[in-house]
Amino acid sequence: MKIGIGNDHTAVEMKNEIKKYLEDKGYEIVNYGTDSTASFDYPVAGYKVAKAIVNGEVDCGICICGTGIGISLAANKVKGIRAAVVSEPYSARLTKMHNNANIIAFGARVVGIEVAKNIVDEWLNAEYEGGRHQRRVDMITEIEETQSLKGVE
Ligand code: RB5
């Protein structure tokens, strides 16, 4: 599996540790983030990871900034992206199983490296359940594509 990873200046060390951790497990990681601690605009990295997913260059993505919030907001502006910010492994697993999140995001200033590793493990190892969840994921897509939701004023 090919995973895109993106980060800003707050998350260079965490990005490198997560990248190595996943490469050691056999994943192919493509780096779309900065490798410098000089100030870097997180929307650039979020956008690059998101575009790489919708263009089929990678299968899914990991986005890390100070909180995980800004970079996920940017990624979520790209059609087809469901980026979920989490701070613990349970939500990481559930956002794959229920929301089919194709990007997991977290904050380098929020979680430590061991929790970050647990988050990516749970998310990568979980499977989307489909079924009743598909209708709701489809509703998210409908909002994205039409800026409206059938039956809702
Ligand atoms: C950078 O200082 C910080 O704003 C950024 O990493 C992120 O937390 C934004 O959401």
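All of these numbers come straight from a predicted model, not from anything done at the bench.

Student: An account of helix α6 (residues 132-146) is needed here, citing residue identities and associated values.
Tutor: Working note: α-helix, 3.6 residues per turn, so residues spaced by three or four point in the same direction. Relative to the 21 Å expected for 15 residues at 1.5 Å per residue, α6 spans 22 Å between its end C-alpha atoms, a close match to the ideal helical length. All of the buried residues along α6 are His133, Val137 and Glu142. For α6, the elements touching its buried residues are α4 (89-97). Where α6 ends, the next residue or the one after it, glutamine 147, has phi of about 55°, a positive value.

Student: Account for the site of the ligand, naming residues and giving values.
Tutor: Near the ligand the following residues occur: Asp8, His9, Thr10, Tyr42, Cys65, Gly66, Thr67, Gly70 and Arg109. Within the contact set of the ligand, an oxygen atom lies 2.7 Å away from a backbone nitrogen or oxygen of glycine 66. One of the backbone N or O atoms of threonine 67 is found 3.0 Å from an oxygen atom in the ligand. For the ligand, whose unbound accessible area comes to 290 Å², protein coverage reaches 71%. In terms of residue class, the shell around the ligand is made up of two nonpolar, five polar and two charged.

Student: Provide a residue-level description of unusual backbone geometry, including the pertinent values.
Tutor: Even without a glycine there, the phi angle at asparagine 100 is positive, about 50°. Take asparagine 100: it is sitting in the loop between α4 and β5 (103-107). With phi around 55°, glutamine 147 is a residue other than glycine that occupies positive phi space. Relative to the helices and strands, glutamine 147 is located in the segment after α6.

Student: Lay out the nonpolar core with the relevant residues and their values.
Tutor: Residues Ile3, Ile18, Leu22, Ile62, Ile104, Phe106 and Trp123 are the most contacted members of the largest nonpolar core, which totals 23 residues. If you list the elements that add at least two residues to this core, you get β1 (2-7), α1 (12-24), β3 (60-65), β5 and α5 (113-125). When residues in this core are grouped by element, the largest group, five residues, is from α5. Discounting chain neighbours no more than four positions away, the residues touching tryptophan 123 are Cys60, Gly61, Ile62, Ala92, Thr95, Lys96, Ala101, Asn102, Ile103 and Ile104. Within the second largest apolar cluster, 16 residues are counted, among which are Ile53, Cys63, Ala75 and Ile81.

Student: Run through the packing of aromatic side chains, naming residues and quoting values.
Tutor: Tallied over the full model, the rule gives zero aromatic pairs. Taking NZ or CZ as reference, lysine 96 lies 5.0 Å from the ring centre of tryptophan 123, over its face.

Student: How would you summarise a nonpolar patch on the surface if you had to cite specific residues and measurements?
Tutor: On the surface, a nonpolar cluster with roughly 260 Å² of combined accessible area is contributed by Ile69, Leu73 and Val85. Looking at where valine 85 falls in the secondary structure, it is placed in strand β4 (residues 83-85). A relative accessible area of 37% means that valine 85 is categorised as partly exposed.

Student: Any chance you could break down the environment of glycine 61 for me, citing the residues and the numbers?
Tutor: Relative to the helices and strands, glycine 61 is located in strand β3. A relative accessible area of 0% places glycine 61 in the buried class. Remark: the alpha-carbon pair of glycine 61 and valine 115, spanning 54 residues in sequence, is separated by 17 Å.

Student: An account of the side chain of asparagine 7 is needed here, citing residue identities and associated values.
Tutor: As for its placement among the helices and strands, asparagine 7 is situated in strand β1. Residue classification places asparagine 7 among the buried residues on the basis of a relative accessible area of 0%. Looking at asparagine 7, its side chain comes within polar contact range of the side chain of lysine 15, at 2.6 Å. A polar contact of 2.9 Å, which involves the side chain of asparagine 7, links it to the backbone oxygen of threonine 34. For asparagine 7, the residues in contact, after removing those within four places along its chain, are Val12, Lys15, Asn31, Gly33, Thr34, Phe40, Ala45, Ile64 and Ile71.

Calculation notes
- Every chain's residues receive numbers from 1 upward, in the order its sequence appears when written.
- Thresholds applied to this predicted model are a pLDDT of at least 70 for local features of residues and 80 or more for the giving and counting of side-chain atom pairs; totals over whole chains, interfaces and linings are not thresholded and use all residues.
- Only heavy atoms go into the side-chain values, all of them from the structure, while hydrogens and water stay out.
- Helix and strand assignments follow DSSP, with helices taken as H or I runs no shorter than four residues and strands as E runs no shorter than two, numbered in order from the N terminus.
- To estimate how far a helix should extend, the number of its residues minus one is multiplied by 1.5 Å.
- Note on classification: 1.4 Å probe, protein chains only; a residue is buried when its accessible area is under 20% of the maximum for its type, exposed when over 50%, partly exposed between these limits.
- Working rule for contacts: check all heavy atoms of both residues, and any pair within 4.5 Å makes them a contact.
- Any residue with at least one heavy atom within 4 Å of a molecule or strand is counted as near it.
- Any pair of nitrogen or oxygen atoms within 3.5 Å is treated as a polar contact; in protein, a donor-acceptor pairing is required on top of that, and neighbouring residues in sequence qualify only through side-chain atoms on both sides.
- Surface accessibility in these figures is a Shrake-Rupley result with a 1.4 Å probe; residues are shielded only by whichever protein chains are displayed.
- Residues are grouped as follows: Ala, Val, Leu, Ile, Met, Phe, Trp, Tyr, Cys and Pro are nonpolar; Asp, Glu, Lys and Arg are charged; all remaining types, including Gly, are polar.
- Nonpolar cores were defined as sets of buried Ala, Val, Leu, Ile, Met, Phe, Trp, Tyr and Cys residues, with membership established by side-chain atoms within 4.5 Å.
- Here a pair means two rings of Phe, Tyr or Trp (six-membered ring of Trp) with centres within 6.5 Å. Their orientation is stacked below 30 degrees between planes, edge-to-face above 60, and tilted elsewhere.
- Both a distance and an angle decide whether a charge sits over a ring: NZ of Lys or CZ of Arg must be within 6 Å of the ring centre and within 35 degrees of the ring normal.
- A patch consists of residues whose relative accessible area exceeds 30% and which take part in no salt bridge; residues with like charges are grouped when within 9 Å of each other, and nonpolar side chains (Val, Leu, Ile, Met, Phe, Trp, Tyr) when within 5 Å.
- Note on definitions: salt bridges are taken to be side-chain nitrogens of Lys or Arg within 4 Å of carboxyl oxygens of Asp or Glu.

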